[in-house]
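Coordinate analysis (summary)
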Amino acid sequence: MAWVILGIAVITEICWALSLKWAATLATWQASSVPIILSFVNMGLLALAMRGLPAGTAYAVWTGLGAVGVVIGGAVLFGDRIAPIQAGFMALTVIGVMGTKLFAQG
C-alpha cells in the first residue's frame with residue numbers, strides 16, 4: 001500500500017510543480033492557492049508513504065519520477081523543449097528509480 005500512496009504522491013508532486021508555472025501566468029490569488037494546497041497534500045502523502053518505506057527509497061522515487069514528470073508535463077502543457085540528451089538522462093533517471101524499487105527493502 002505504501003507504494004500506491006507514493007505513486008499518488010508522485011502525481012501530486014508533478015501537479016504541484018506544474019501548477020506553480022500555471023499560477024504565475026494567471027497571477028490571481030485563486031490560482032496561487034492551488035500550489036499551496038497541493039504542497040500540503042503532496043507532503044502528507046509522502047510522509048504517509050514513508051511509514052511503510054525507507055525514507056531514502058521513498059524520497060529517491062518521489063524526486064526522480066517527479067522531475068521526469070515535470071519535464072514531460074512542461075513540454076506537453078507549456079511547450080517546453082526537451083533536448084535529446086536531456087531525454088536520455090531522463091531515461092537513466094527512470095532506470096535508476098526502477099532499480100531502487102526493485103531492490104527496495106520495504
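None of these values were measured; they are calculated from a predicted model. (Residues numbered from 1 in each chain as written. Predicted model: local features only at pLDDT ≥ 70, side-chain atom pairs only at ≥ 80, totals over all residues. Heavy atoms only, no water.)

Before going further, it helps to examine the packing of aromatic side chains. Note on aromatic pairs: each is described by the distance of the centres and the angle between the planes. This model, assessed by the stated rule, comprises one aromatic pair. Pairing Tyr-59 with Trp-62 gives two aromatic rings, centres 5.5 Å apart and planes at 40°, and the pair type is tilted. Linking Tyr-59 with Trp-62, this pair stays in helix 3 (residues 55-78), spanning three residues, or about one helical turn. Residue placement shows Lys-101 over the ring face of Trp-3; its charged tip is 4.6 Å from the ring centre. (Phe/Tyr/Trp six-rings, centres within 6.5 Å; stacked < 30°, edge-to-face > 60°. Helix = DSSP H or I, 4+ residues; strand = E, 2+ residues; numbered from the N terminus. Lys NZ or Arg CZ within 6 Å of the ring centre and 35° of its normal.)

Phi at Ala-27 takes a positive value of approximately 55°, unusual for a residue other than glycine. Looking at where Ala-27 falls in the secondary structure, it is placed in the loop between helix 1 (2-26) and helix 2 (29-50). When its relative accessible area of 63% is taken as the criterion, Ala-27 is described as exposed. (Buried < 20%, exposed > 50% of the residue type's maximum accessible area, 1.4 Å probe, protein only.)

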